[in-house]
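In case you want the letters, here they are:
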Amino acid sequence: MLADTHGVIDSRIAGVVNGSDWVIHAGDIGNGAVLQQLAQLANQVVAVRGNNDVASKWPVQDHDILNTLRNERRVDLPGGELVVLHGHRVTPACLRHQRLRKRYAETRAVVCGHSHQLVEDTSALPWILNPGAAGRARTYGGPSCLLLHIKGEQWSVEHHRFALKAKG
C-alpha cells in the first residue's frame with residue numbers, strides 16, 4: 001500500500017512492492033507514469049484520486065488515465081473488505097479515524113493517504129492504514145509504504161520506511 005507519490009515513486013519503495021499480488025495507491029498519484037510503473041511491479045493495481053489528482057496538475061497526455069480514477073475503491077480480500085480513499089474529504093483531521101470507522105464499520109481496513117504520515121492504527125476495526133508518502137514530497141522522515149500480509153483470514157501489516165536521500 002502506498003500513497004502521496006506526487007509523480008515519483010522512491011526506488012526503494014518500488015523494490016518493496018515488486019512482485020506483490022496487489023498494489024494499492026491511496027491517491028495523490030501525480031501522473032500516469034506512476035500507475036504504469038506500478039502495473040509493471042504487481043499483478044493488480046488499485047488506485048484512487050487524491051486532492052492533487054486534478055487536470056491542472058497532471059500532464060495533458062495523462063488526462064484519460066486521470067479520468068478513470070474514482071474517489072473510493074473497495075477490494076474484497078480473504079478475511080474482509082479493504083476500502084481505499086485519499087481521506088482529504090474526511091474532516092477535521094483530528095476526527096478522521098473516528099469518522100472513517102463509523103462510515104466503514106463493515107470493512108476490515110481503510111487505506112487512506114493525504115497526511116503524508118505513516119500510520120498503522122489497528123487498535124479497533126476497521127483498521128486505519130496510512131502508508132505515508134512514497135515519493136519525495138513531505139515524507140516526514142523518509143519515504144514509506146505498508147505491506148498487508150494475508151494468510152487465510154489472518155491479516156498483518158508490515159511497514160517500511162527509508163532514510164531520506166542526501167541531496168546532491
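Criteria and thresholds
- Residues numbered from 1 in each chain as written.
- Predicted model: local features only at pLDDT ≥ 70, side-chain atom pairs only at ≥ 80, totals over all residues.
- Heavy atoms only, no water.
- Helix = DSSP H or I, 4+ residues; strand = E, 2+ residues; numbered from the N terminus.
- 1 Å grid on protein atoms, 1.4 Å probe; cavity = no way out; pocket = protein on both sides within 12 Å on 5 of 7 lines; lining within 4 Å.
- Points joined across faces, edges and corners; volume = space filled by probe spheres on them.
- Nonpolar A, V, L, I, M, F, W, Y, C, P; charged D, E, K, R; others polar.

Peer 1: In this structure, what is going on with unusual backbone geometry? I would like to understand it.
Peer 2: Negative phi is the rule for most residues except glycine; trans is the rule for most peptide bonds. With an omega of -5 degrees, the peptide bond between Thr91 and Pro92 qualifies as cis. When you line up the elements, Pro92 lands in the loop between β4 (80-85) and α4 (96-103). Even without a glycine there, the phi angle at Tyr140 is positive, about 50 degrees. Take Tyr140: it is sitting in the loop between β7 (127-131) and β8 (144-151).

Peer 1: Even after reading the chapter, I still don't get the layout of surface pockets, so can you show me in this structure?
Peer 2: Sizing a probe to match a water molecule and rolling it over the atoms shows the empty space that remains. In this structure, the largest pocket occupies an estimated 330 Å³ of space. Along the wall of the largest pocket there are 14 residues; nearest its centre are Ser20, Asp21, Trp22, Leu148 and His149. Secondary-structure elements contributing two or more residues to the lining of the largest pocket are β1 (22-25) and β8. Considering each element in turn, the lining of the largest pocket owes the most residues, five residues, to β8. Residue classes in the lining of the largest pocket are distributed as eleven nonpolar, two polar and one charged.

Bear in mind that shape data such as this cannot, by itself, settle questions of function.
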